[in-house]
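Survey of secondary and tertiary structure
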Amino acid sequence: MICDTTAHIYQYEGGGIAFNSGASVKLINGANGRITAEQVALGINDDDVHKARTSLVCLENTSNRGGGSCYELNEIQKIRQLCDEKGLILHLDGARLFNALVAKNQKAEDYGKLFHSISICLSKSLGCPVGSVLLGSKDMIKKARRIRKVFGGGMRQAGYLAAAGIYALNNHVDRLAQDHQHAQQITQALSQKSFVGTVLPVETNIIIFEVKAPYTAPQLVAKMKELGVLWHAISPTQVRIVTHLDVSDAMVAKTIELIEQI
């Protein structure tokens with residue numbers, strides 16, 4: 001499998017790629033979590049018995065560790081063309097796909113045409129209490145249902161969750177623009193502070209920034225927690241902030257006020 005070095009499925013799934021699927025991974029150093037067709041081409045192994053057979057390319061949109069960065073559609077089209085030429089499957093980890101659609105003014109149908117399979121999370125910015133959705137061909141979904149059953153992943157009374165997911169899709173997509181605006185407002189306040197270093201480009205609802213003296217990232221997070229604001233230290237020097245459905249205008253204003261006071 002080919003993916004970016006920071007891909008969520010590689011970094012945060014407990015080695016499931018190897019444990020569950022017996023697959024190895026070719027990591028690519030992309031730009032803020034995004035890889036190009038040229039990089040994918042270089043990552044494909046030759047037809048050699050000494051090497052793992054390349055079969056899958058996985059993209060993440062938006063990229064979590066890339067600071068919520070978004071792919072351009074024309075780059076994905078190039079990658080799909082390459083996959084077709086090489087007989088590879090193209091999967092999208094689209095946990096925050098609707099953020100990308102809103103930020104880039106793209107259409108969901110375009111993604112459906114480009115990927116063999118897509119996973120979408122309904123419990124992040126769309127505000128659903130729980131739930132992810134897998135999209136693909138009928139044959140692929142039939143196989144996925146069997147694999148889910150083997151993993152013990154069957155569900156009961158799933159209609160309640162499906163109803164919540166339908167509501168989220170019908171009511172919470174357009175409002176994602178507000179989350180993006182909130183992230184920009186917080187980023188502007190952070191950029192004025194001497195203890196803030198490099199801030200990854202903020203395209204959607206994720207802010208990742210470098211923390212400088214006199215704080216470490218954990219120290220800054222602890223200080224904000226004392227003030228009633230929850231941030232997350234993703235390393236000794238980096239903090240991650242996410243805006244979402246439950247973060248109001250008043251909360252953003254209060255957060256900015258506290259940042260200015262530090």
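For clarity, every value in this text was computed on a predicted model and none was experimentally measured.

Focus on a nonpolar patch on the surface
- On the surface, a nonpolar cluster with roughly 320 Å² of combined accessible area is contributed by Ile 147, Val 150 and Phe 151.
- Residue class for Phe 151 comes out exposed when judged on its relative accessible area of 54%.

Topic: the packing of helix 5 (residues 97-104) against helix 9 (residues 176-190)
- Axis separation between helix 5 and helix 9 bottoms out at 9 Å; the angle between their running directions is 80 degrees. Classified by the angle between their axes, helix 5 and helix 9 sit roughly perpendicular to one another. Contacts between helix 5 and helix 9 involve Phe 98, Asn 99, Val 102 and Ala 103 on the former and, on the latter, Leu 176, Ala 177 and His 180.
- Partitioning the contact of helix 5 with helix 9 into residue classes produces 5 nonpolar, 2 polar and no charged.

Looking at the packing of aromatic side chains
- Under the criterion given, the structure shown has 3 aromatic pairs.
- Their ring planes at 80 degrees and their centres at 5.5 Å tell us that Phe 195 and Tyr 215 sit as a pair that is edge-to-face. With Phe 195 in the loop between helix 9 and strand 7 (196-199) and Tyr 215 in the loop between strand 8 (206-211) and helix 10 (217-226), this pair connects stretches of sequence that are 20 residues apart.
- The exposure class of Phe 195 is buried, given its relative accessible area of 4%.

Some words on unusual backbone geometry
- A cis amide bond links Asn 61 to the next residue, Thr 62, at an omega of 0 degrees.
- With respect to the secondary-structure elements, Thr 62 resides in the loop between strand 3 (56-60) and helix 4 (73-86).
- Following Ala 213, the chain continues to Pro 214 via a peptide bond in cis, the omega torsion being 10 degrees.
- Here Pro 214 shows up in the loop between strand 8 and helix 10.

Details of the pairing of strand 5 (residues 117-121)
- The element strand 5 is largely enclosed, with a buried count of 4 among its 5 residues.
- In terms of strand pairing, strand 5 meets strand 6 (residues 132-136) through 5 bridges, oriented antiparallel. Within strand 6, the residue paired with Ile 120 across the bridge is Val 133.

Topic: the sheet that holds strand 9 (residues 232-235)
- The 4 strands are arranged 7-8-10-9 in an open sheet whose pairing can be described as antiparallel. Each end of this open sheet is capped by a strand with a single partner; those strands are strand 7 and strand 9. Between one strand axis and the next, the sheet turns by 35 degrees as a mean value, whatever way the strands run.
- The pairing of strand 9 with strand 10 (residues 238-242) spans 3 bridges and is antiparallel. Within the sheet, the bridge partner assigned to Ser 235 lies in strand 10 and is Gln 238.

Section: the pairing of strand 10
- Sheet topology note: the strand 8/strand 10 ladder contains 5 bridges and is antiparallel. Its bridge partner being in strand 10, Ile 206 is matched across the sheet by Val 242.
- The antiparallel hairpin formed by strand 9 and strand 10 contains 2 residues in its connecting segment.

Focus: helix 5
- Looking at helix 5, one finds that the buried residues are Leu 97, Phe 98, Asn 99, Ala 100 and Leu 101.
- Check the buried side of helix 5 and you find it contacts strand 4 (89-94), helix 6 (108-114), strand 5, helix 8 (158-171) and helix 9.
- Remark: Asn 105 follows helix 5 within two positions and exhibits a positive phi of approximately 55 degrees.

A word on the packing of helix 9 against helix 11 (residues 249-261)
- Contact geometry for helix 9 and helix 11: axes closest at 9 Å, N-to-C directions at 10 degrees. Classified by the interaxial angle, the pair formed by helix 9 and helix 11 is roughly parallel. On helix 11, the residues that touch Gln 178, His 182, Gln 185, Ile 186, Ala 189 and Leu 190 of helix 9 are Asp 249, Val 252, Ile 256 and Ile 259.
- Among the residues making up the contact of helix 9 with helix 11, the classes are represented as 6 nonpolar, 3 polar and 1 charged.

Looking at the environment of Tyr 71
- With respect to the helices and strands, the residue Tyr 71 is situated in the loop between strand 3 and helix 4.
- Tyr 71 sits 149 residues away from Leu 220 along the chain, and the two C-alpha atoms are 31 Å apart.

Thoughts on the pattern of salt bridges
- The full count for this structure, using the stated rule, is 7 salt bridges.
- Here Glu 257 and Lys 254 are joined by a salt bridge, their closest N and O atoms 3.8 Å apart. One end of the pair is Glu 257 and the other is Lys 254, both in helix 11 and 3 residues apart, which spans about a single turn.
- Residue Lys 254 is classed as partly exposed on the basis of its relative accessible area of 42%.

Parameters and conventions
- Residues numbered from 1 in each chain as written.
- Predicted model: local features only at pLDDT ≥ 70, side-chain atom pairs only at ≥ 80, totals over all residues.
- Heavy atoms only, no water.
- Patch = residues over 30% accessible without salt bridge, like charges linked within 9 Å, V, L, I, M, F, W, Y side chains within 5 Å.
- Areas by Shrake-Rupley, 256 points an atom, 1.4 Å probe, with all protein chains shown as cover.
- Salt bridge = Lys/Arg side-chain N within 4 Å of Asp/Glu carboxyl O.
- Buried < 20%, exposed > 50% of the residue type's maximum accessible area, 1.4 Å probe, protein only.
- Axes fitted to C-alpha atoms, helices over the stretch in contact; angles between N-to-C directions.
- Helix = DSSP H or I, 4+ residues; strand = E, 2+ residues; numbered from the N terminus.
- Parallel < 35°, antiparallel > 145°, perpendicular 65-115°, else oblique.
- Contact = heavy atoms within 4.5 Å.
- Nonpolar A, V, L, I, M, F, W, Y, C, P; charged D, E, K, R; others polar.
- Phe/Tyr/Trp six-rings, centres within 6.5 Å; stacked < 30°, edge-to-face > 60°.
- Pairing = 2+ DSSP bridges.

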